[in-house]
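Residue strings, one per chain:
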Amino acid sequence: MSDKANKQDNVVVEAVGLTKIFSDFWGRPKARAVNGIDFSIHAGEVFGLLGPNGSGKSTTIKMILGLLYPTRGTLSVFGSSPEDVNIKSRIGYLPEETYLYKYLTAYETLDFYGALFGLGVEQRKERTSQLLEMVGLAHAFDRPVGEFSKGMARRIGLAQALVNDPDLVILDEPTSGLDPIGCSEVKNVIKLLASRGKTVILCSHLLGDVQDVCSRVMMLYGGQIRVQGELKDILSEEDKTRVITPRLSEQTVAELREFLKARGVQDAAAVQVDNPERSLEDFFLDVVRQATEQKVQTAGAQANGEIPEYLQGKDAAAADILQTLRKRPDEEKAKAEAAAAEAKLREATAKAKQLDALKSLQGDLEADKAAAAKSAAEAQAREADAAQKAELQRKLESLTKK
């Protein structure tokens, strides 16, 4: 089978002449959000969808998800229409804004989304615990997500997008609100998913993140494709050459300039010799890594969470047999610790629910007391009014006799 045929078989999303026109109440065209674009996305790709605000990125994503219908053109996802309900279980989506049920805890949120995908109870428990560990929120499993900061809510949003181990992951501004630790971890997850043959569509205005993880990009402007292709080909500057060496002495640099000049490089300004700098992100991550190694306590999100095994595609068969034989005592200990942790989790959840019930009961009692006090005050007022009327009646009768 040819490479072209293989590539065609691996198409996950394909659009031909895709157009979306928004109309007013009378059906008159108001805005052409997407204007006749053609593109295809293949399995194992990290595909960057770029463009300024209003260029058609969100509209394109919504059509891929089946939330909007194309005006013209064709669009297929896994070879089917985006409206096909059967393909929804293969898609994970993180929207630009994180929408969560604020009264559910972090644990309950992931358990809820796992149930929507039909996962069993034990599987939900395992994945929920692993995902909370991955996004650095295992210590906040019992906190309502309504109390979370934007970055923490974003982490839970990413976890819910991966709870079903999707084949297509659509991430709209996934690093918005995240600190550099979270951004690095998100990029690591994206790279891992791609290595497993998963497809990732990344929509972001943080072009540094796109450059770090995307293999191919499409840039939209005015609903049309301006550039599309392999990122390395788009960014490559063919008319320049870069050489990186260990630190050179000033004399060696001078000799190198003379050598280049002798070879026809006459423009001295075109030759730049300096010391490379670390990126601020790498420096930041090193500082945090040192603090983590020193076991500095923090109430915020924690770094270095392990990626769940089911997202890594690990099979619990042959490769784990040797580990089971070698580390049987450790595994038994780990199982006992896991069981103890689950027991603590259940106990904490039960206590939280009891506390909520007590708070609700206390509120009802306070309301009853207030109502009783109001009734007593009204009764006293009626009695005083009746006594006053009786007194006036007696005085009236006395005056009448006189």
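**Topic: the overall build of the protein chain**
At step 1: A tally of helices and strands in the protein chain yields 13 helices and nine strands.
At step 2: Here the protein chain, with 402 residues, has 31% of them falling under the buried criterion.
At step 3: A total of about 25,800 Å² of accessible surface is found on the protein chain, and carbon and sulfur atoms cover 53% of it.

**What about the pairing of strand S2 (residues 29–42)?**
At step 1: Where strand S1 (residues 11–23) and S2 come together, nine bridges link them in antiparallel fashion. Considered in S2, the bridge of Val11 is made with His42.
At step 2: Counting the residues in the hairpin turn of S1 and S2 gives five residues, including Gly27, whose phi is positive at 85°.

**Describing the confidence of the model for the protein chain**
At step 1: Per-residue confidence for the protein chain averages 79 on the pLDDT scale, and 76% of its residues sit at or above 70.
At step 2: Taken as a whole, residues 315–330 scores under 50 in pLDDT and shows four contacts with residues more than four places along the chain or in a different chain.

**Some thoughts on the sheet that holds strand S3 (residues 46–50)**
At step 1: Sheet architecture is open: six strands sit in the order S5-S6-S7-S3-S8-S9, paired in mixed fashion. Pairing within the sheet leaves two strands with one partner each, and these edge strands are strand S5 (91–94) and strand S9 (224–230). If you compare each strand with its neighbour and ignore which way they point, the axes differ by 15° on average.
At step 2: Across four bridges, the pairing between S3 and strand S8 (residues 216–221) is parallel. Bridge pairing links Leu50 to Met219 in S8.

**Thoughts on the pattern of salt bridges**
At step 1: Taken as a whole and assessed by the stated rule, the structure comprises eleven salt bridges.
At step 2: As a salt-bridge pair, Asp165 and Arg196 come within 3.3 Å of each other at their nearest N and O atoms. Taken together, the positions of Asp165 in the loop between helix H5 (150–162) and strand S6 (168–172) and Arg196 in the loop between helix H6 (180–195) and strand S7 (199–203) put the pair 31 residues apart, joining distant regions of the chain.
At step 3: On the basis of relative accessibility, which here comes to 18%, the residue Asp165 falls in the buried class.
At step 4: Given a relative accessible area of 29%, Arg196 falls into the partly exposed group.
At step 5: Taking the shortest distance from any N to any O, the salt bridge between Lys198 and Asp165 comes out at 3.3 Å. In this pair, Lys198 is assigned in the loop between H6 and S7 and Asp165 in the loop between H5 and S6, connecting sequence segments 33 residues apart.
At step 6: Within the structure, one salt-bridge network assembled from shared partners comprises Arg90, Asp165, Asp167, Arg196 and Lys198.

**What about H5?**
At step 1: Over its 13 residues, H5 runs 19 Å from end to end, which matches the ideal 18 Å to within 8%, given 1.5 Å per residue.
At step 2: Burial analysis of H5 places twelve of its 13 residues in the buried class, which makes it a mostly covered element.
At step 3: Every buried residue of H5 is listed here: Gly151, Met152, Ala153, Arg154, Arg155, Ile156, Gly157, Leu158, Ala159, Gln160, Ala161 and Leu162.

**Things to note about the packing of helix H3 (residues 106–116) against helix H4 (residues 121–134)**
A pair of packed helices is characterised by two quantities: the angle between their axes and the separation of those axes.
At step 1: Following both chains from N to C, one finds H3 and H4 inclined at 130°, their axes separated by 9 Å at the closest point. Classified by the angle their axes make, H3 and H4 are oblique. Pair H3 / H4 crosses with right-handed handedness. Contacts between H3 and H4 involve Ala106, Tyr107, Leu110, Asp111, Gly114 and Ala115 on the former and, on the latter, Arg124, Lys125, Thr128, Ser129, Leu131 and Leu132.

**Description of the nonpolar core**
At step 1: Phe148, Leu162, Leu171 and Cys214 are the most contacted members of the largest nonpolar core, which has 40 residues in total.
At step 2: Of all the elements in the fold, those that place two or more residues in this core are S3, H3, H4, H5, S6, H6, S7 and helix H7 (207–213).
At step 3: Per-element tally for this core: the top contributor is H5, with seven residues.
At step 4: Not counting chain neighbours up to four residues away, the residues in contact with Cys214 comprise Val46, Phe47, Gly48, Leu202 and Leu231.
At step 5: Residues Leu18, Ile37, Leu49 and Ile87 belong to the second largest nonpolar core, which totals 25 residues.

**Considering the sheet that holds S1**
At step 1: If you trace the three strands from one edge of the open sheet to the other, you get S2-S1-S4, paired in antiparallel fashion. Of all strands in the sheet, those with a lone pairing partner are S2 and strand S4 (72–77), marking the two edges. Taken pair by pair, the neighbouring strands of this sheet meet at an average axis angle of 20°, ignoring direction.

Reading guide: rules and limits
- Residues numbered from 1 in each chain as written.
- Predicted model: local features only at pLDDT ≥ 70, side-chain atom pairs only at ≥ 80, totals over all residues.
- Heavy atoms only, no water.
- Helix = DSSP H or I, 4+ residues; strand = E, 2+ residues; numbered from the N terminus.
- Buried < 20%, exposed > 50% of the residue type's maximum accessible area, 1.4 Å probe, protein only.
- Areas by Shrake-Rupley, 256 points an atom, 1.4 Å probe, with all protein chains shown as cover.
- Pairing = 2+ DSSP bridges.
- pLDDT = per-residue confidence, 0-100.
- Contact = heavy atoms within 4.5 Å.
- Axes fitted to C-alpha atoms, helices over the stretch in contact; angles between N-to-C directions.
- Salt bridge = Lys/Arg side-chain N within 4 Å of Asp/Glu carboxyl O.
- Expected span 1.5 Å × (residues − 1).
- Parallel < 35°, antiparallel > 145°, perpendicular 65-115°, else oblique.
- Left-handed = near helix turned anticlockwise from the far one by under 90°.
- Core = buried A, V, L, I, M, F, W, Y, C linked by side-chain atoms within 4.5 Å.

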